[in-house]
Amino acid sequence: MTSGGDAPGMNAAIRAVTRAAISKGIRVKGIYRGYKGLVTGEIQELYTDSVSNIIQRGGTMLKTARCAEFMTPEGRQMAYDNMRREGIDALVVIGGDGSLTGARIFAQEFNVPCIGLPGTIDNDLFGTDTTIGYDTALNTIVEAIDKIRDTAASHERLFFVEVMGRDAGFLALNGAIASGAEAAIIPEYNTEVDQLEDLIEHGFRKSKNSSIVLVAESKSKGGALDIAERMKTECPEYDVRVSILGHLQRGGSPTAHDRIIASRMGAAAIDALLEDQRNVMIGIVRDEIVYVPFTRAIKNDKPIKPELLDVLRELSI
Ligand code: F6P
């Protein structure tokens, strides 16, 4: 199943799981709409040609959902009953933090072998260098910012561009480095005040006629609109604009990187099951497949390298 927010490369992962399993003599069933489909029994057998012509497609052919019912013991019992009825012995869950948390609870409660694949544009799962979908989203952000830069430069404006991340700053920080932006405001370092003050203090460099600041969405700290309002009040001399990239970051054809890691991780999920691994997430660290216990993958906050902030600061003078 795919669960939670869709991410480019999920289809490549479904294809890999299906074909790796079939080539090893294992039957595969697709569960539709994430945990919702497990609770309601929306389940269909997948064959090699069920996953033809999907490696290049964004979204997920299995559909996805966030399922409140699965968060209740009654919902999980229904899910388990459907699993038994369908003759399913193990689950492969492709999703982010919330989806793997669901898998961990379910695995513990019913003693079901579950393997997780990190599928999220946020890149916020511990124990893997990147998650499936992150690279594509990053490239989409860079492409969008290159376009915004044209307007920013022509009108000599200051843009605050809000990117996704669910309280993680990977997209904002690396998006800023890759697009040559002036700064990134990310939740991890609580840099909001400093970076904004920095901007206010130093203003535009003389040879620069525009500035772009990436802002990671953050429920607790507010987003680009809040920061822009503050900027307008404190520095009315700037011509400030806000752009919220939103869900366009989640769509599109996956990059080669995402297709490759999704294919490798999907195949590794079947190897893991055959090795009697259970309740682990498949990760890739320094180009090697690793098994990461759910508790480590979910609970730990994946740290952002301070070096990245230094690079951004140093190169945006
Ligand atoms: O987890 C992926 C993500 O795109 C986050 O970056 C974002 O906060 C969230 O999902 C948005 O969720 P939804 O599509 O349900 O509004």
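For every chain, the first residue of the written sequence is number 1, and numbering continues from 1 onward in sequence order. Predicted model: local features are reported for residues with pLDDT of at least 70 only, side-chain atom pairs are reported and counted for 80 or more only, and whole-chain, interface and lining totals are derived from all residues. Side-chain descriptors were evaluated using all non-hydrogen atoms of the structure, hydrogens and water having been removed beforehand.

**Q** Can you help me understand the side chain of T130 in this one?
**A** Structurally, T130 is set in the loop between β4 (114-118) and α5 (134-155). Pairing of N or O atoms within 3.5 Å defines a polar contact, subject to two protein rules: one partner must be a possible hydrogen donor and the other a possible acceptor, and residues neighboring in sequence count only if both atoms are side-chain atoms. Here the side chain of T130 touches H257 through a polar contact of 3.1 Å, side chain to side chain. Only runs of H or I of at least four residues qualify as helices and only runs of E of at least two qualify as strands under DSSP, and these elements are numbered from the N terminus.

**Q** Help me understand the site of the ligand in this model?
**A** Lining the immediate environment of the ligand, one finds R66, I121, D122, M164, G165, R166, E217, H247 and R250. Contacts to the ligand include D122, whose side-chain N or O atom sits 2.7 Å from an oxygen atom. Accessible areas in this description were obtained via Shrake-Rupley with a 1.4 Å probe; residue shielding takes into account the shown protein chains only. Starting from 400 Å² of accessible surface for the ligand in isolation, the protein chains cover 73%. Each residue gets one of three labels, nonpolar for Ala, Val, Leu, Ile, Met, Phe, Trp, Tyr, Cys and Pro, charged for Asp, Glu, Lys and Arg, and polar for the others, Gly among them. Tallied by class, the residues present in the shell around the ligand amount to 2 nonpolar, 2 polar and 5 charged. Each of domain 1 (10-133 + 254-299) and domain 2 (134-250) contributes no fewer than three residues to the shell around the ligand. One heavy atom within 4 Å of a molecule or strand makes the whole residue count as near it. What marks off one domain from the next here is an automatic or database domain assignment.

**Q** Just to check I follow, could you spell out the pattern of salt bridges for this structure?
**A** It is possible for side chains bearing opposite charge to pair when their charged atoms get close. Between Lys or Arg on one side and Asp or Glu on the other, a salt bridge is scored when a side-chain nitrogen of the former is within 4 Å of a carboxyl oxygen of the latter. A full pass over the atoms with the stated rule returns 14 salt bridges. The partner of D6 in a salt bridge is R250, with the nearest N and O atoms 2.7 Å apart. One end of the pair, D6, is in the segment before α1 (10-23); the other, R250, is in the loop between β8 (240-244) and α9 (256-274), and 244 residues separate them in sequence. R250 shares its class with D6; the two are buried. Across the salt bridge formed by E86 and K29, the nearest N and O atoms sit 3.0 Å from each other. With E86 in the loop between α3 (73-85) and β3 (91-95) and K29 in strand β1 (residues 28-31), this residue pair connects regions lying 57 residues apart in the sequence. Only protein chains enter the area calculation, which uses a 1.4 Å probe; residues under 20% of their type maximum are buried, those over 50% are exposed, and those in between are partly exposed. For E86, a relative accessible area of 26% translates into the label partly exposed. Residue classification places K29 among the partly exposed residues on the basis of a relative accessible area of 27%.

**Q** In this structure, what is going on with the packing of aromatic side chains? I would like to understand it.
**A** For any pair of aromatic rings, geometry is given as the distance between the ring centres together with the angle between the planes. Side-chain rings of Phe, Tyr and Trp (the six-membered ring for Trp) are treated as a pair once their centres are within 6.5 Å; stacked means planes under 30 degrees apart, edge-to-face means over 60, and tilted covers the remaining angles. Counted by the stated rule, this structure contains 4 aromatic pairs. A centroid spacing of 4.0 Å and a plane angle of 15 degrees characterise the contact between Y35 and F70, whose relative ring orientation is stacked. Highlighted residues: Y35 in helix α2 (residues 35-40) and F70 in the loop between β2 (43-46) and α3, separated in sequence by 35 residues. Both residues of the pair, Y35 and F70, count as buried. Judged by centre distance (5.3 Å) and plane angle (50 degrees), the rings of F106 and F110 are tilted. Of this pair, F106 and F110 both sit in helix α4 (residues 97-110), 4 residues apart, roughly one helical turn. The same class applies to F106 and to F110, which are both buried.

**Q** I would appreciate a short explanation of the domain arrangement of the protein in the present structure.
**A** How big an interface is tends to be stated in terms of the accessible area lost upon association of its parts. In terms of domains, the protein is made up of domain 1 (10-133 + 254-299) and domain 2 (134-250). Centre-to-centre separation of domain 1 and domain 2, based on C-alpha positions: 34 Å. Note on definitions: a residue-residue contact is assigned when non-hydrogen atoms from the two residues lie within 4.5 Å. Between domain 1 and domain 2, the contact holds 14 residues from the first and 13 residues from the second. Together domain 1 and domain 2 conceal approximately 1,100 Å² of surface at their shared face, both sides included; 54% is due to carbon and sulfur atoms. Of all residues in domain 1, I121, D122 and N123 give up the largest surface area on contact with domain 2, accounting jointly for 50% of the area buried on that side. Between the two partners, domain 1 and domain 2, sit 0 salt bridges. Counting every contact that joins domain 1 to domain 2 gives 8 residue pairs in polar contact (both at pLDDT 80 or more). Split into classes, the residues belonging to the side of domain 1 that touches domain 2 amount to 3 nonpolar, 7 polar and 4 charged. Accessible surface is computed with a 1.4 Å probe, and the buried area is the amount of it that two parts give up when combined, taken over both parts together.

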